[in-house]
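Summary of the model geometry
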Amino acid sequence: MSKTLRAPTAHAALALTLALIAGGAHAQVAGTYAGTTSDGLSIEITLVNSETDGLVFTGSSTQWNETCKTGDVKFAWWGIGAYLPVTAKKLSSEYKGQSLYQTLTMKFDVSGTTVTGTVKAGEATYVDVNSSIKQTEPCNSGLVTYTATLQSPLMAARHHGMPAGSVQAFTR
């Protein structure tokens, strides 16, 4: 004997499905997301499972080309460590250091296996490292876009780290 869903039950199921599609649930997966920037360079983003905060953005490694005040174009590559809980499909990170400034936006697709966004960075670099006068100049990336896809899920990984909201840079 088969049963037919009554209209109220079918409507409730449809409403639940639409709520999930609209963003009521996020499907991001812990792991490393690797991709390419609009400069044609590399970007990696890492999400891990935290015992206390659930899914957490723990950092990125980003390459970009930057234009300096003198007009020189230089290659830059920085890694930013972070501890930012992921609470929605969109997330942004900002790092302000003595010699580096970087903003990173992330927007995950419905499956949670692709992330797109923007990077904007600036740093002080030496005009001429071989000169006895160590003069620096500001260099900026402008707004760089990227797309990255999940490469290696970290299903069992657990992170016991910095306080929520912490961000730090590590050397290139």
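Along each chain, the written sequence defines residue order, and numbers are assigned to residues from 1. Selection of residues for local features in this predicted model requires a pLDDT of at least 70, selection of side-chain atom pairs for listing and counting requires 80 or more, and totals for whole chains, interfaces and linings are taken over all residues. Neither water nor hydrogens contribute to the side-chain values; these are computed over all heavy atoms in the structure.

1. Topic: the overall build of the protein chain
Note on conventions: DSSP H or I runs of at least 4 residues are helices, E runs of at least 2 residues are strands, and numbering of each starts at the N terminus. Along the protein chain, the regular secondary structure elements total one helix and ten strands. For the protein chain, the succession of helices and strands along the chain, N to C, is α-β-β-β-β-β-β-β-β-β-β. Under the scheme applied here, a residue whose accessible area is under 20% of the maximum for its type counts as buried, over 50% as exposed, and between as partly exposed, the area being computed with a 1.4 Å probe on protein chains only. Considering the protein chain as a whole, with its 172 residues, one finds that 34% of them fall into the buried category. Residue contacts follow a heavy-atom distance rule, with two residues in contact if any of their heavy atoms lie within 4.5 Å. In the protein chain, once contacts between residues fewer than 6 apart in sequence are set aside, the share between residues at least 24 apart is 56%. Carbon and sulfur atoms make up 56% of the accessible area of the protein chain, which totals about 10,000 Å². Areas reported here follow the Shrake-Rupley algorithm with a probe of radius 1.4 Å; residue values treat only the protein chains shown as occluding.

2. Some remarks on the pattern of salt bridges
Each reported salt bridge corresponds to a side-chain nitrogen of Lys or Arg within 4 Å of a carboxyl oxygen of Asp or Glu. Under the counting rule described, the total for this entry stands at one salt bridge. Between E137 and K74 there is a salt bridge, with its nearest N and O atoms 3.6 Å apart. With a gap of 63 residues between them, E137 in strand β8 (residues 136–153) and K74 in strand β4 (residues 73–85) connect regions that are remote in the sequence. For E137, a relative accessible area of 4% gives the class buried.

3. Some words on the state of the cysteines
Counting rule for disulfides: a pair of cysteine sulfur atoms within 2.5 Å. Applying the stated rule across the entire model yields one disulfide. Bridging C68 to C139, the disulfide has an S-S length of 2.0 Å. Its torsion about the S-S bond being 100°, the disulfide of C68 and C139 is classed as right-handed. Residue C68 is found in strand β3 (residues 54–68), and its partner C139 is found in strand β8; the two are separated by 71 residues along the sequence. Take C68: its relative accessible area is 5%, and that puts it in the buried class.

4. Brief notes about the confidence of the model for the protein chain
The quantity called pLDDT is the predictor's confidence in a given residue, expressed from 0 to 100. For the protein chain, per-residue confidence averages 78 on the pLDDT scale, and 73% of positions sit at 70 or higher. When the elements of the protein chain are averaged for pLDDT, helix α1 (residues 7–24) gives the smallest value, 36, and strand β1 (residues 31–37) the largest, 95. Low confidence marks residues 155–172, where pLDDT is under 50. Its contacts with residues over four positions away, or in another chain, come to 53 contacts.

5. Regarding the side chain of T37
In this fold, T37 is placed in strand β1. With residues up to four places along the chain from it excluded, the contact list for T37 reads S42, I43, Q63, V144, T145 and Y146.

6. Some details on the environment of A30
Position of A30 relative to the elements: it lies in the loop between α1 and β1. Between the alpha carbons of A30 and S152 there is a distance of 8.5 Å; along the sequence they are 122 residues apart.

7. Things to note about the side chain of E66
Position of E66 relative to the elements: it lies in strand β3. A distance of 3.0 Å separates polar atoms of two side chains, one belonging to E66 and the other to W64. If we skip the residues at most four places from it in the chain, E66 touches D72, V73, K74, A76, E123, T125, C139, N140 and S141. We call two N or O atoms a polar contact when they sit within 3.5 Å, provided that within protein one can donate a hydrogen and the other can accept it, with sequence-adjacent residues counted only if both atoms are side-chain atoms.

8. Points about the pairing of strand β2 (residues 42–50)
Only strands joined by at least two bridges in the DSSP assignment are considered to pair. Taken together, the six bridges between β1 and β2 define a ladder with antiparallel strand orientation. Bridge pairing in β2 places Y33 opposite I45. If you look at the hairpin formed by β1 and β2, you'll find four residues sitting between the two strands, and G40 has a positive phi there, around 80°. Of the pairings in the sheet, the one linking β2 to β3 comprises eight bridges and is antiparallel in character. Across the sheet, residue V48 finds its bridge partner in β3, namely V56.

9. Focus on the packing of aromatic side chains
Only the six-membered ring of Trp is used, alongside the rings of Phe and Tyr, when aromatic pairs are assigned; centres must lie within 6.5 Å, and planes under 30 degrees apart are stacked while those over 60 apart are edge-to-face, with the rest tilted. Tallied over the entire structure, the rule returns two aromatic pairs. An angle of 75° between the planes, with centres 5.5 Å apart, marks the rings of Y33 and F108 as edge-to-face. Taken together, the positions of Y33 in strand β1 and F108 in strand β6 (residues 100–108) put the pair 75 residues apart, joining distant regions of the chain. Taken individually, Y33 and F108 each receive the classification buried, so the pair is uniform in this respect. Here the aromatic rings of F75 and W77 are separated by 6.4 Å at their centres, their planes lie at 75°, and the arrangement is edge-to-face. We classify F75 as partly exposed; its relative accessible area is 43%. Judged by its relative accessible area of 42%, W77 falls in the partly exposed class.

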